[in-house]
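What follows is each chain in one-letter form.
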Amino acid sequence: MQKIKIKYFSDKITRLEYIDGKSDWIDLRASETVALKAGEFRLIPLGVSMELPQGYEAHLVPRSSTFKNYGILQTNSCGIIDCSYCGDEDMWRMPVYATRDTVIHENDRICQFRIMKNQPELVFDEVFSLDNENRGGFGSTGKQ
C-alpha cells in the first residue's frame, strides 16, 4: 500500500478516503463556497496539497454529475498535477467555467482524481511509412 502525505487547508471538508472495491478514483470537495455567474471563470480551491511519490502524477477530472448539478466545465478537460507541486501552499484547485449562475458549497464533491505512473521516456523514430492499412480517416472505423 502506497502512503501519500496530505495537508488539509480546512477542517470543514470531509477527509479523503480510498474505498477499496468501488473505484480507484477519489472524490475531492470544494473547500469554500463559490458563487459563479454564467460565463465566469474561477479556480475552485479543493483544500488539499499532497506529496505524490516520485515518478507519479495525479489526473484530476470532474465527477460525472458535476455538470448536471452545477453547470460548470473543467477548463483544461483533465488537470495534471505532477509530483513537484508539493509545497505547503500548493493547494490543488479545479479551473472551471460556469455555463449558468451557480453556487458550489463548501464540502460539495465536484471532482475526482487518481494517481498514475509517469509516461516512460520515449524516442521517436521517423519513418516514411507506418506499413499499416488505412482505417478511413479521423472518426472512422474504416467501414463504409
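As shown above, the structure is provided for reference.
Chemist: So what exactly am I meant to see when it comes to the sheet that holds strand β7 (residues 72-74) here?
Modeler: Hydrogen bonding along the main chain pairs the strands of a sheet, whether they run parallel or antiparallel. The antiparallel open sheet is built from three strands, whose spatial order is β4-β9-β7. Each edge of the sheet is formed by a strand with only one pairing partner; in this case those strands are β4 (41-45) and β7. Strand-to-strand, the axes of this sheet are offset by a mean angle of 40 degrees, without reference to chain direction. In this sheet, strand β9 (residues 93-98) lies alongside β4 in antiparallel orientation, the contact comprising five bridges. Within β9, the residue paired with Ile44 across the bridge is Met94.

Chemist: In this structure, what is going on with the environment of Phe124? I would like to understand it.
Modeler: Following the sequence through the fold, Phe124 ends up in the segment after β11 (109-117). Sequence separation between Phe124 and Pro95 is 29 residues, and the spatial gap between their C-alpha atoms is 33 Å.

Chemist: Sorry, what's going on with the environment of Val96 here?
Modeler: Topologically, Val96 is positioned in strand β9. By relative accessible area, Val96 is classed as buried at 0%. Setting aside its immediate chain neighbours within four residues, Val96 contacts Leu36, Glu40, Phe41, Arg42, Ile44, Ile72, Leu73, Gln74 and Thr75.

Chemist: Looking at this model, I keep getting lost on the pattern of salt bridges. Mind explaining?
Modeler: It is possible for side chains bearing opposite charge to pair when their charged atoms get close. Applying the stated criterion to the full structure yields seven salt bridges. Among the salt bridges present, the one from Asp24 reaches Arg114, with a minimum N-O distance of 2.3 Å. You can see Asp24 sitting in the loop between β1 (5-8) and β2 (26-29) and its partner Arg114 sitting in strand β11, a full 90 residues away along the chain. A relative accessible area of 34% places Asp24 in the partly exposed class. Two residues, Arg63 and Asp27, come together in a salt bridge whose shortest N-O distance is 3.2 Å. With Arg63 in the loop between β6 (56-62) and α1 (66-70) and Asp27 in strand β2, this residue pair connects regions lying 36 residues apart in the sequence. Looking at Arg63, the relative accessible area reads 19%, which means it is buried.

Criteria and thresholds
Residues numbered from 1 in each chain as written. Predicted model: local features only at pLDDT ≥ 70, side-chain atom pairs only at ≥ 80, totals over all residues. Heavy atoms only, no water. Pairing = 2+ DSSP bridges. Helix = DSSP H or I, 4+ residues; strand = E, 2+ residues; numbered from the N terminus. Axes fitted to C-alpha atoms, helices over the stretch in contact; angles between N-to-C directions. Buried < 20%, exposed > 50% of the residue type's maximum accessible area, 1.4 Å probe, protein only. Contact = heavy atoms within 4.5 Å. Salt bridge = Lys/Arg side-chain N within 4 Å of Asp/Glu carboxyl O.

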